[in-house]
Structures are given as C-alpha cells and as structure tokens.
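Chain and residue survey
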Amino acid sequence: GYDQSYIQTVDTDATAATVASFDDAVAANSDFAVAGKTFKTWTTAADGSGTAYSPGDAVSFDGSATQVDLYAQYTDNQYRVAFSANGGTFASSSVFKTNPDVFAIEKDATGGEVAVLKQGALYNQKLPDLLGTFDYNNLTPGKAAASKTGSTLDSTTEWNTQADGKGKAYATGADYVLTANDKSTPKNTSVLYAQWKINGASLKFNPNGGIGHVDDV
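Conventions used here
- Residues numbered from 1 in each chain as written.
- Predicted model: local features only at pLDDT ≥ 70, side-chain atom pairs only at ≥ 80, totals over all residues.
- Heavy atoms only, no water.
- Core = buried A, V, L, I, M, F, W, Y, C linked by side-chain atoms within 4.5 Å.
- Buried < 20%, exposed > 50% of the residue type's maximum accessible area, 1.4 Å probe, protein only.
- Contact = heavy atoms within 4.5 Å.
- Pairing = 2+ DSSP bridges.
- Helix = DSSP H or I, 4+ residues; strand = E, 2+ residues; numbered from the N terminus.

Turning our eyes to something else, we now look at the nonpolar core. Membership of the largest hydrophobic core comes to 26 residues, with the highest contact counts inside it found for F83, F96, F103, L117, L127 and L139. Residues contacting L139, with those up to four places away along its chain left out, are F83, V95, F96, F103, L127, L131, F134, W159 and T172. Counting residues in hydrophobic clusters, the runner-up holds 13 residues, among them A17, A25, A72 and Y74.

Here we take up the sheet that holds strand β3 (residues 52-53). One open sheet accounts for three strands, arranged β3-β2-β5; its pairing is antiparallel. At either margin of the open sheet sits one strand with a lone partner, and together these are β3 and β5 (71-76). In terms of strand pairing, strand β2 (residues 37-43) meets β3 through two bridges, oriented antiparallel. For W42, the partnering residue across the bridge sits in β3 and is Y53.

Now for the pairing of strand β8 (residues 103-107). Summarising the sheet, β8 and strand β9 (residues 113-117) pair through five bridges and their orientation is antiparallel. Among the inter-strand pairings, K107 is bridged to a residue of β9, identified as E113. Counted along the chain from β8 to the antiparallel partner β9, the turn is five residues long, and its residue G111 has a positive phi close to 95°.

By secondary structure assignment, the location of T152 is in strand β11 (residues 151-153). On the accessibility criterion, T152 (37% relative accessible area) is partly exposed. Residues T152 and K197, 45 residues apart in the sequence, show an inter-C-alpha distance of 5.5 Å. The contact partners of T152, leaving out residues within four places of it in the chain, are Q195, W196, K197 and N199.

Structural data, given as structure tokens:
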C-alpha cells in the first residue's frame, strides 16, 4: 500500500540482494495489499519510472550504497456491474433491453437473465460515475420489468446485494459503491438482485355432502 515499508536485510558484505516476492511483503505487512489493485512489479522510483525488478531478480548495491529502495507498482482491477432478475427474466420493454448500448443481457446458472453494464468499473466507484448520460434513477426493479413464474416482485424500487435477500437493500442511486473482488460470485462482479415473493395460493376443503369442517389454508 501507499507509504508502507518492508525491509529485507542481507549480509553486511553482500554486493547484491534477491528481490522479494510481493507475497513476502504482504506477509510481513498486510497493508501492501491494496483493495482493487493487483501487484505488477517493483521499480526504483515511486512514480513507476526507473528500473523495474521482478521477484527473484538480483539487485546490486552500487558503490557505497547500503540500501536500495524498491516501490510496488499496481494495476487497477476491472470489475463488472450486473443486475440480476434472480431466476426471472426481463421484458422487452425493460430499461435494460431498451438500452443495448449500455447493457448486455446474459443468462445465469438457473437460466435467469442478468443485465451487465458494458462499462467496466474500478473498485469503490459509484454507479452514477459509470453511466454517463444514462439516468441511474431508471435502474429500479420496476423499470427492469422483471417477471418470474409464480412470483411477484417484492419491491419495485429496491435491489439486494444477495440473492436470498439477506444482504443490503439498495434503491439504485449514488450511495451504491462497487465492492466486487476475486471472491465475488461471479468473480469480480458486483451484482444487485431483484427480490421475489411467492404468489399466495389457497386450499379449500369441501365435505362434498358429508359433515364436519376443516379450516381453509
């Protein structure tokens, strides 16, 4: 991470050292692991210029130098943002299907539809930052026109961060921050799920000429 240090010591008479792996640096100081970024290489300058070194390379001590500073360089991870019908499908009038330049429609493992934002995201970006001129207020389950056999949308205004509804509920807007990582499902994808309630059914008991009574359910 930024402004973090890991000191690798060598013998006093050594003229070179072997560059440590990034995993070794993280094991010694967990702050080297930066959320949303992947280690790329070590360099001799903080801004990424200078000589680049990979783990296992030899770095020499020039002249009277007793210390060589190497700086971790990172690349930004790219993430996907998706809106899941959670086993359902989106109608042709859905805000997702009427904006094919913004969203791509995919299928999940259950055959349900998922609308994936075509614009890639960075860690901790806010949703409106990815949409350009598209109004994020239109990204509601109601305007998604989602449907599922035997079920009704539990909310036309809120999504949930978990398919089972036990995550955080979000009315799509500026407060939704992308937090996907390599342990997300799907990997590196930030998903919001529509929530469903099963349509009620009743069971009526008729004695059919007999006597007695059983409560309907």
